[in-house]
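Residue-level structural notes
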Amino acid sequence: MTAQAWAVLIAAFLASAVEFVEAFTIVLVVGVTINWRSALAGTAAAVVALAAIVAIFGTAIVRYVPLDDLRIVVGFLLVLFGLKWLKKSVLRYAGLTALHDEEAIYEARIAAMRAHDKVMPTYIDPFGVATAFKSVLLEGLEVAFIVITFGLQASASQHTSNGTQPNGILVAALGALAAGILVIIAGATVRAPLQRVPENTLKYIVGILLTTFGTFWGGEGLGIEWWHDDLFLLVLAALYFIFSRLLVLWLRGYAPTTPPVVSWVKRDSSAQQEALK
Amino acid sequence: MNTFVRAIKATYNFFAGDAIILTTVMLAFALTALLLHMANAPMPLTALLFVTTMMTELTATLGREVAGRPKHRLSPSGWSDLGDVDLDTGIPAAGPVDGEDYSAASFPDGNNAAGTVSDTGVPTGLPFPSALQRQTRGPTVGDKTITED
């Protein structure tokens, strides 16, 4: 497998892991509050819909969009998507937005679902199926987008470099599938929201990856010849990483501080803390 | 809002969700294409400009997020917060002081109200360490501390 194929596999795996963890929380809520039959039915329907979306759009785009235009479109979309994720991550790390907390989301969802349904039905419940379907489909759409864009670009690169049949979408889909299986196994083992998965970090890494690949492929499509070709991807990733860390440092000054008295107490002696009591 | 507009809005939110990102990325791509194909600009310069534009976009959208928010001084030199006093020197920082701080502040020498001055003549914002130490020790007569048994 080429270096670019590995990059596609890893990016698809990481992005999918984040989204699957989020979807898993909702499926778990439906399973616990309504029943597992409804939760699994909704999930299965969403997975089929997502596979169809990837197959139809992936095939159609490869067939009808010329390679250079494809690079520009894919690069443009990846930059948009990547900057959105990177912005969210920077805001979280700077303390301007709360960090994603699966347990808190789980508790809130459980409360909302219990408020809706009083008795746990044993049959397939349409509300449960719809909730599981909607959440898996919405979270999965981001995965589908990443699988399609990364897969298409990898296919295009491979096709032009050695004339073999494109298999980028398959590679990206395998990465997503591996993440899905891992999340399901972990979830089935702990039977609780997956709090230990470092979602915020993963989202940050994926944000950098998407922006890096988007810039690289978009630039290539426009006609830029990058210094040392694919190796420049590493330079771009490092640049985005360093720059985003600098942005986090800058924005930390704007983060809402803990109540001033508390921050003041933290910095001062125990005698002063006693005095404030 | 009809279904079509809703679908457009959902698509926009899915990909960008941010007018600054969308507009500037479009501009960056258009500008790069113009520079390369119309102006025949040097490749390294165009590439550098393309990457720099991406970083500027991120800075701009994040800058908008914090626009209007006060920047807190978090320097290790001892400034506690905007509007508080420097706990080491007792010099008040500029700006408003949180009302909670005033209610929490209490001085044995009575300098616990907004607009008053401490016994050093410096206007008070938050309790001075010296005042708090006195409060912890209890009121003093001469050099002796009066304690309650």
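The sections below set out a description of the structure shown in this document.

Reading the values: rules and limits
- Residues numbered from 1 in each chain as written.
- Chains lettered and ligands numbered in written order.
- Predicted model: local features only at pLDDT ≥ 70, side-chain atom pairs only at ≥ 80, totals over all residues.
- Heavy atoms only, no water.
- Helix = DSSP H or I, 4+ residues; strand = E, 2+ residues; numbered from the N terminus.
- Contact = heavy atoms within 4.5 Å.
- Core = buried A, V, L, I, M, F, W, Y, C linked by side-chain atoms within 4.5 Å.
- Buried < 20%, exposed > 50% of the residue type's maximum accessible area, 1.4 Å probe, protein only.
- Salt bridge = Lys/Arg side-chain N within 4 Å of Asp/Glu carboxyl O.
- Patch = residues over 30% accessible without salt bridge, like charges linked within 9 Å, V, L, I, M, F, W, Y side chains within 5 Å.
- Areas by Shrake-Rupley, 256 points an atom, 1.4 Å probe, with all protein chains shown as cover.
- Phe/Tyr/Trp six-rings, centres within 6.5 Å; stacked < 30°, edge-to-face > 60°.
- Axes fitted to C-alpha atoms, helices over the stretch in contact; angles between N-to-C directions.
- Parallel < 35°, antiparallel > 145°, perpendicular 65-115°, else oblique.
- Left-handed = near helix turned anticlockwise from the far one by under 90°.
- Nonpolar A, V, L, I, M, F, W, Y, C, P; charged D, E, K, R; others polar.
- Expected span 1.5 Å × (residues − 1).

Next up on the list: the overall build of chain A. Regarding its fold elements, chain A presents ten helices and zero strands. Nonlocal contacts in chain A, meaning residues at least 24 apart in sequence, comprise 83% of its contacts between residues at least 6 apart.

The nonpolar side chains of a soluble globular protein tend to be buried, and buried together. Counting 83 residues, the largest nonpolar core has Leu78, Phe81, Phe145, Phe150, Trp226 and Leu251 of chain A together with Val25 of chain B as the members making the most contacts within it. Excluding residues that lie within four positions of it along the chain, Leu251 of chain A makes contacts with Val90, Leu91, Ala94 and Leu96 of chain A together with Leu62 and Val66 of chain B. Ranked by size, the runner-up nonpolar core spans seven residues in total, among them Val21, Val29, Ile110 and Val183 of chain A.

Inspection of every chain in the model, using the stated rule, returns five salt bridges over all chains. Note that Lys203 of chain A and Glu22 of chain A form a salt bridge whose closest N and O atoms lie 3.3 Å from each other. In this pair, Lys203 of chain A sits in helix 7 (residues 199-222) while Glu22 of chain A sits in helix 1 (residues 3-33), placing the two residues 181 residues apart along the sequence. Put simply, Asp18 of chain B and Arg64 of chain B hold a salt bridge, and the shortest N to O gap is 3.8 Å.

Quick look at a nonpolar patch on the surface now. A surface patch of nonpolar side chains, about 500 Å² in accessible area, is lined by Leu170, Leu174, Leu177, Ile181 and Ile185 of chain A. Summarising the element assignment, Leu170 of chain A is placed in helix 6 (residues 168-190).

Take the environment of Ser16 of chain A next. Residue and element names in this part refer to chain A. Its place among the elements puts Ser16 in helix 1. For Ser16, a relative accessible area of 1% gives the class buried. Sequence separation between Ser16 and Gly175 is 159 residues, and the spatial gap between their C-alpha atoms is 7.9 Å. For Ser16, the residues in contact, after removing those within four places along its chain, are Val143, Ala176 and Ala179.

Residue and element names in this part refer to chain A. Summed over all chains, the structure comprises ten aromatic pairs over all chains. Relative to Trp85, the ring of Phe81 lies with its centre 6.0 Å away and its plane at 35 degrees, an arrangement referred to as tilted. With Phe81 and Trp85 both in helix 3 (residues 67-94) and four residues apart, this pair spans about one turn of that helix. Across this residue pair, the class does not change: Phe81 and Trp85 are buried. Taken together, a centroid distance of 6.2 Å and an interplanar angle of 45 degrees make the contact between Tyr204 and Phe241 tilted. Of the two residues, Tyr204 is situated in helix 7 and Phe241 in helix 8 (residues 232-252); the sequence distance between them amounts to 37 residues. What makes Tyr204 buried here is its relative accessible area of 5%.

This part is about unusual backbone geometry. Residue and element names in this part refer to chain A. The residue His228 is not glycine, and still its phi comes out positive at about 60 degrees. With respect to the helices and strands, His228 occurs in the loop between helix 7 and helix 8. Despite not being glycine, Asp229 shows a phi value in the positive range, around 50 degrees. Within the fold, Asp229 resides in the loop between helix 7 and helix 8. Accessibility expressed as a relative area gives 52% for Asp229, which makes it exposed.

With that settled, the discussion passes to the packing of helix 3 of chain A against helix 8 of chain A. Packed helices, taken two at a time, are described by the angle their axes make and the gap between the axes. All names here are of chain A. The interhelical angle for the contact between helix 3 and helix 8, taken along N-to-C directions, is 45 degrees, at an axis separation of 8 Å. One element, helix 3, and the other, helix 8, form an angle in the oblique class. Two packed elements cross with a definite hand, and for helix 3 against helix 8 that hand is right-handed. Listed contacts from helix 8 to Leu86, Val90, Leu91, Tyr93 and Ala94 of helix 3 are Ser244, Arg245, Leu247, Val248, Leu251 and Arg252. By residue class, the composition of the contact of helix 3 with helix 8 is eight nonpolar, one polar and two charged.

Residues and elements named next belong to chain A. Axis separation between helix 1 and helix 6 bottoms out at 7 Å; the angle between their running directions is 35 degrees. Classified by chirality, the crossing of helix 6 by helix 1 is right-handed. Partitioning the contact of helix 1 with helix 6 into residue classes produces 18 nonpolar, five polar and no charged.

An ideal rise of 1.5 Å per residue puts 18 Å on 13 residues; helix 1 (residues 3-15) of chain B measures up with 18 Å between its terminal C-alpha atoms. Downstream of helix 1 of chain B by one or two residues, Gly17 of chain B has phi in the positive range, about 70 degrees.

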